[in-house]
Amino acid sequence: MRSANQPSHRDDQDDYSLKDTNPQLGERWPAGGVYGGRGWMNSERYASTYDLVEQMSYLFVRVVKAKDLPPSSITGSCDPYVELKLGNYKGRTKHFERKMNPEWNQVFAFSKERIQSSVLEIFVKDRDMVGRDDYLGRVVFDLNEVPSRVPPDSPLAPQWYRLEDRRGEGKVRGDIMLAVWMGTQADEAFPEAWHADASAVYGEGLVSIRSKVYVSPKLWYLRINVIESQDIVPSDRSRIPEVFVKVQVGNQILKTKANPVQTGHPIWNEDLVFVVAEPFEEQLLLTVEDRVHPSRDDVLGKISLPLDSFEKRLDHRPVHSRWFNLEKFSFGVLEADRRKLELKFSSRIHLRACLEGGYHVLDESTMYLSDQRPTARQLWKQPVGILEVGILGAQGLLPMKIKDGRGSTDAYCVAKYGQKWVRTRTILDTLNPKWNEQYTWEVYDPCTVITLGVFDNCHLGGGEKPNAPNAARDSRIGKVRIRLSTLEAFRIYTNSYPLLVLHPAGVKKMGELQLAVRFTTLSLANMIYVYGHPLLPKMHYLHPFTVNQVDSLRYQAMSIVAMRLGRAEPPLRKEVVEYMLDVDSHIWSMRRSKANFFRIMSLFSGIFSMSRWFGDICQWRNPVTSILVHVLFLILIWYPELVLPTLFLYMFLIGLWNYRFRPRHPPHMDTKLSWAEAVHPDELDEEFDTFPTSKSHDLVRMRYDRLRSVAGRIQTVVGDIATQGERLGSVLSWRDTRATSLFVLFCLCAAVVLYVTPFRVVALVAGLYYLRHPRFRSKLPSVPSNFFKRLPARTDSLL
């Protein structure tokens, strides 16, 4: 195991690649039976929704209630609780004070793999605040006689059992209602059960280790069109007021431009867009203000409006505008006089406001979208498929914290697709957790991405405030993305995905996540129909947002989603939501810049290779290939109607040839593509720096100079591209009168020649000229190239 502060270097080439696994999935689940070998290992198939995970067997004990418990001889009452003992494992219910007929209704689960006893003992005890707890009675179960339950059978009915004494020689006073059965993780009692390996967790931490399903809040765009205002009275009439409108929704604040007016009737006609979530808890606070000084604004009027009072718009049809009366801000006026003044006279503001239901509110990066549906449910299409994911487990996780002097990890997995978030239960103190939980999503567009993240639970003690500045944060272990369009329908993918995280010391493999994924299509025709339609709802194209608006609104949407999910029980914490939604994807990184540059170069590599191949043909490096190209060229010239059919036939044949080399697995994190293997340590340190920076001035100066050098190279490349475009545009612009005259005369001659010469002859001559033998070539640049390079560009006018 590598140390955390050492740079990571790969020892073998397959360390970061996907690996095939062969888990014992749901088709091998038994049809039921009883514990002890009489039914758990038979070969009958059992149809279950848990067909993408491995079977995990548990002993379930439901402690419902007790009655007629004997009172204490000292207090005359009873503080009862129940203790379960199975080998070395003990479970305990909560206790009730002074209650003879308590009701607990708690479920306990003991993993079959860890059962080391054939007897289950259930004790009823009376809690004593001073001495030893009093023994009231017990019930004993032989595990070989415990029945099994297979959903969707109804839950096992609890029964009354008479308590017996410590030695089992006779019955004592009191009865307890229990249900004991063998089941699997498909049992309805499993999510809420207390697990034996969670005995060290206490308080609110017990809630944080259970599996849960969350739903993102329904997000809307709120569009406020500030049109105009009337009867605005400035506080200082000796100057021309600069009036603007400030609108606040929650922690979002937007302002219109300041409008200098003399008439008290300013006109803005500006759109302000916010992100709001159902249920609409915030109020819209609008103020009209006068910019008296760059550091001081006077409030001239205000109004507060509930968000649910606005119309919900589903398309681009205009919404009716409304006038609203503003509340006055007066200083030095008595309250009674101010009320009389407002009754006689009031400023007004003209607004057009609506909740946009035709847009999809972006809360994640457009590159990793998991949902494109508009907000309004009326505009949703039918689903095109079903996505099923079995989160099997993880292997080889690195220790994330120190517990009892040794490394430990309490891992859980979060999956996000569309509005549905899922969180597996936390497996305590193991580097190879087994979750075996299965979840299902409806798919409305196959060109979407599901994101899965693995985290270390740091909130097992409970009791801390979630928003405290020094509160513990769940540590990131790694993330996996799967694009659904890369999955074949009806095929089960069982792979082990490496969990890769970039640290200040370099890229590090934190372990492997084992998944079973199946994408089921409902209608092939509907799937093909989706591929021909826009990615986002049509409102994004009819009335698009600017790039800055999209970035700002996405950040606000992420903040709202993180805040709302953080209020769930158990909370899906802010650091988890931000990591899953890629909140820091916009931060500058030298490594990302290199990766994107080489991505662009790889795109041009195909064009460069084609040009090199054509150059080799023209240079007759391989005479046989050059002759075949000449023959093909002559056929196409003689029969020009074959040009397009031949082109499409070649692409068809190339596609068939490449089918042999198609990817066998969904694509995954590529360290070479991400430029994460050879990155310089200082560049990594810069990427992990805070914003604004916390480094010393000398280091910031060095990084700034490096950034200037990179930007200078980019500037040169962009300038060269602009120069070629300007030269092309100056051919007919008469900036160089001689060059334009020559080109105009050339165009006239070319037009005359092309009118009288068949196009076939022109193409034949041009093609043979370009394919001529090197013996007939000159090493000097051609005449058209010389002419083009002499054309003027606008670089002469640059400062």
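Residues numbered from 1 in each chain as written. Predicted model: local features only at pLDDT ≥ 70, side-chain atom pairs only at ≥ 80, totals over all residues. Heavy atoms only, no water.

### Topic: the overall build of the protein chain
The criterion, for reference: Helix and strand definitions here come from DSSP, where helices need a minimum of 4 consecutive H or I residues and strands a minimum of 2 consecutive E residues; each element is numbered from the N-terminal end. Each residue gets one of three labels from its accessible area relative to the maximum for its type: buried under 20%, exposed over 50%, partly exposed in between, using a 1.4 Å probe on protein chains only. Contacts between residues were defined by any pair of non-hydrogen atoms, one from each residue, lying within 4.5 Å. Accessible surface area values rest on a Shrake-Rupley calculation with a 1.4 Å probe, where residue burial reflects the displayed protein chains alone.
The number of helices and strands found in the protein chain is 14 helices and 32 strands. In the protein chain, which comprises 799 residues, the proportion classed as buried is 42%. Across the protein chain, every contact between residues at least 6 apart in sequence was considered, and the portion connecting residues at least 24 apart equals 71%. Accessible area of the protein chain: about 45,500 Å², with a carbon and sulfur share of 57%.

### Topic: the packing of aromatic side chains
Inclusion rule: Paired rings are identified among Phe, Tyr and Trp, the last through its six-membered ring, by centres lying within 6.5 Å, and are further divided according to the angle between planes into stacked (under 30 degrees), edge-to-face (over 60) and tilted (the rest). Only when the NZ atom of a Lys or the CZ atom of an Arg is both within 6 Å of the ring centre and within 35 degrees of the ring normal do we say a charge sits over the ring.
All told, the structure shown has 17 aromatic pairs when counted by the stated rule. Seen in terms of ring centroids, Tyr 58 and Phe 60 are 6.1 Å apart; in terms of plane orientation they differ by 45 degrees. Their pairing is tilted. Taking the relative accessible area as the measure of exposure, Tyr 58 reaches 5% and is therefore buried. Given the relative accessible area of 0%, Phe 60 is considered buried. Ring centres of Phe 60 and Trp 181 lie 5.4 Å apart, and the angle between their planes is 15 degrees; this geometry places the pair in the stacked category. Note that Phe 60 is positioned in strand β2 (residues 57-67) and Trp 181 in strand β9 (residues 171-184), a separation of 121 residues in sequence. Like Phe 60, the residue Trp 181 is buried in the burial classification. Pairwise contacts between aromatic rings join Tyr 58, Phe 60, Trp 181 and Phe 190 into one cluster. The cationic tip of Lys 99 hangs over the ring face of Phe 96; the distance from NZ or CZ to the ring centre is 5.0 Å. The ring of Tyr 412 is capped by Arg 423, whose NZ or CZ atom sits 4.2 Å from the centre of that ring.

### Quick notes on the sheet that holds strand β27 (residues 420-423)
As a reminder of what qualifies: One bridge is not enough; two strands pair if DSSP finds at least two bridges between them. Axis definition: a line fitted to C-alpha atoms, over the contacting stretch in the case of helices. Angles run 0 to 180 degrees between N-to-C directions.
A sheet is described by the order of its strands in space; here five strands give the open sequence β11-β27-β26-β29-β30, paired in antiparallel fashion. What marks the edges here is a single partner per strand, and that holds for β11 (212-215) and β30 (475-483). Averaged over all adjacent pairs, the angle separating strand axes in this sheet is 15 degrees, with direction ignored. Of the strand pairs in this sheet, strand β29 (residues 449-456) and β30 are connected by eight bridges, and their pairing is antiparallel. Of the residues in β30, the one forming a bridge with Val 454 is Gly 478.

### Comments concerning the state of the cysteines
Note the threshold: Any cysteine sulfur atom paired with another within 2.5 Å is treated as part of a disulfide.
According to the stated counting rule, one finds zero disulfides in the structure shown. In this structure Cys 749 is not part of a disulfide, and its nearest cysteine sulfur, from Cys 747, lies 9.4 Å away.

### A word on the confidence of the model for the protein chain
Note the cut-off: For every residue, the predictor states its confidence as a pLDDT score lying anywhere from 0 to 100.
Looking at the protein chain as a whole, its pLDDT mean stands at 83, while 90% of the residues score no less than 70. Per-residue pLDDT, averaged within each element of the protein chain, yields its smallest value for helix α2 (residues 335-344) (49) and its largest for strand β26 (residues 411-417) (95). This stretch, residues 1-14, has a pLDDT under 50; its non-local contacts, to residues over four places away or in other chains, come to 21 contacts. Across residues 331-335, confidence stays below pLDDT 50; counting only partners more than four residues off in sequence or on other chains, it has one contact.

### Some thoughts on the pattern of salt bridges
Rules: Here, a salt bridge means any side-chain nitrogen of Lys or Arg that lies within 4 Å of a carboxyl oxygen of Asp or Glu.
A full pass over the atoms with the stated rule returns 35 salt bridges. Between Glu 512 and Lys 19 there is a salt bridge, with its nearest N and O atoms 2.8 Å apart. Of this pair, Glu 512 sits in strand β32 (residues 506-521) while Lys 19 is found in strand β1 (residues 19-20), placing the two residues 493 residues apart along the sequence. The exposure class assigned to Glu 512 is buried, which follows from its relative accessible area of 12%. Relative accessible area serves as the criterion here: at 32%, Lys 19 is assigned to the partly exposed category. The salt bridge involving Asp 616 is made with Arg 621; its shortest N-O contact spans 3.2 Å. Given a relative accessible area of 34%, Asp 616 falls into the partly exposed group.

### Remarks on a nonpolar patch on the surface
Spelled out, the test is: Note that patches include only residues with greater than 30% relative accessible area and no salt bridge, and the join distances are 9 Å for like charges and 5 Å for nonpolar side chains (Val, Leu, Ile, Met, Phe, Trp, Tyr).
Taken together, the side chains of Phe 597, Phe 598, Ile 600, Met 601, Phe 604, Ile 607 and Phe 608 present a nonpolar region at the surface, about 660 Å² in accessible area. Looking at the secondary structure, you find Phe 604 in helix α7 (residues 590-618). For Phe 604, a relative accessible area of 39% gives the class partly exposed.

### Points about the packing of α7 against helix α8 (residues 623-638)
The condition that has to hold: Every angle not falling under 35 degrees, over 145, or within 65 to 115 is termed oblique; those three ranges are roughly parallel, roughly antiparallel and roughly perpendicular. Just so you know the grouping, Ala, Val, Leu, Ile, Met, Phe, Trp, Tyr, Cys and Pro go in nonpolar, Asp, Glu, Lys and Arg go in charged, and all remaining residues, Gly too, go in polar.
Packing of α7 against α8 brings their axes to within 8 Å, and their N-to-C directions diverge by 95 degrees. Between α7 and α8, the angle is such that the two are roughly perpendicular. Two secondary-structure elements touch here, α7 through Trp 613, Asp 616 and Ile 617 and α8 through Thr 625, Ser 626 and Val 629. Of the residues that constitute the contact of α7 with α8, the class distribution is three nonpolar, two polar and one charged.

### Considering unusual backbone geometry
Following Glu 278, the chain continues to Pro 279 via a peptide bond in cis, the omega torsion being -10 degrees. Inspection of the secondary structure assignment puts Pro 279 in the loop between β16 (267-277) and β17 (283-293). The omega angle of the peptide bond from Glu 569 to Pro 570 is 0 degrees, so this bond is cis rather than trans. Counting through the fold element by element, Pro 570 comes out in the loop between α5 (547-566) and α6 (574-580). Located in the positive-phi region is Asn 105, a residue other than glycine, with phi close to 55 degrees. With respect to the secondary-structure elements, Asn 105 resides in strand β5 (residues 103-111). Its identity is not glycine, yet Asp 429 carries a phi of approximately 50 degrees, on the positive side. Inspection of the secondary structure puts Asp 429 in the loop between β27 and β28 (434-443). Classification of Asp 429 as partly exposed rests on a relative accessible area of 30%.

### Details of the nonpolar core
Applicable threshold: Only buried Ala, Val, Leu, Ile, Met, Phe, Trp, Tyr and Cys residues count toward a nonpolar core, and they belong to the same one when joined by side-chain atoms within 4.5 Å.
Of all hydrophobic cores here, the largest spans 68 residues; its most connected members are Trp 421 and Leu 515. When residues in this core are grouped by element, the largest group, seven residues, is from α5.

### What about the pairing of strand β14 (residues 252-255)?
Strand direction decides the pairing type here: strand β13 (residues 242-249) and β14, joined by four bridges, are antiparallel. Looking at the pairing, Lys 246 lines up with Lys 255 of β14.

### With respect to the side chain of Thr 448
The residue Thr 448 is located in the loop between β28 and β29 in this model. Once you skip the residues sitting within four places of it in the chain, Thr 448 turns out to touch Leu 369, Ser 370, Asp 371, Gln 372, Tyr 417, Ile 482, Arg 483 and Leu 484.

### Side note on the environment of Leu 355
With respect to the helices and strands, Leu 355 occurs in strand β22 (residues 348-356). We classify Leu 355 as buried; its relative accessible area is 0%. In this structure the C-alpha to C-alpha distance between Leu 355 and Arg 223, which are 132 residues apart in sequence, comes to 6.3 Å. Residues within four places of Leu 355 in sequence aside, it is in contact with Trp 220, Tyr 221, Leu 222, Val 276, Phe 280, Leu 307, Phe 310, Glu 311, Lys 312 and Arg 313.

### Things to note about the packing of α8 against helix α13 (residues 759-770)
Note the following rule: Two helices crossing with the near one rotated counterclockwise from the far one by less than a right angle form a left-handed crossing, whereas a clockwise rotation gives a right-handed crossing.
Remark: α8 packs on α13, axes separated minimally by 9 Å, with the N-to-C direction vectors making an angle of 165 degrees. By the criterion of interaxial angle, the relationship of α8 to α13 is roughly antiparallel. Relative to α13, the crossing made by α8 is right-handed. Along its contact with α8, which presents His 630, Phe 633, Leu 634, Ile 637 and Trp 638, the element α13 presents Arg 760, Ala 763, Leu 764, Gly 767 and Leu 768. Of the residues belonging to the contact of α8 with α13, the class tally is seven nonpolar, two polar and one charged.

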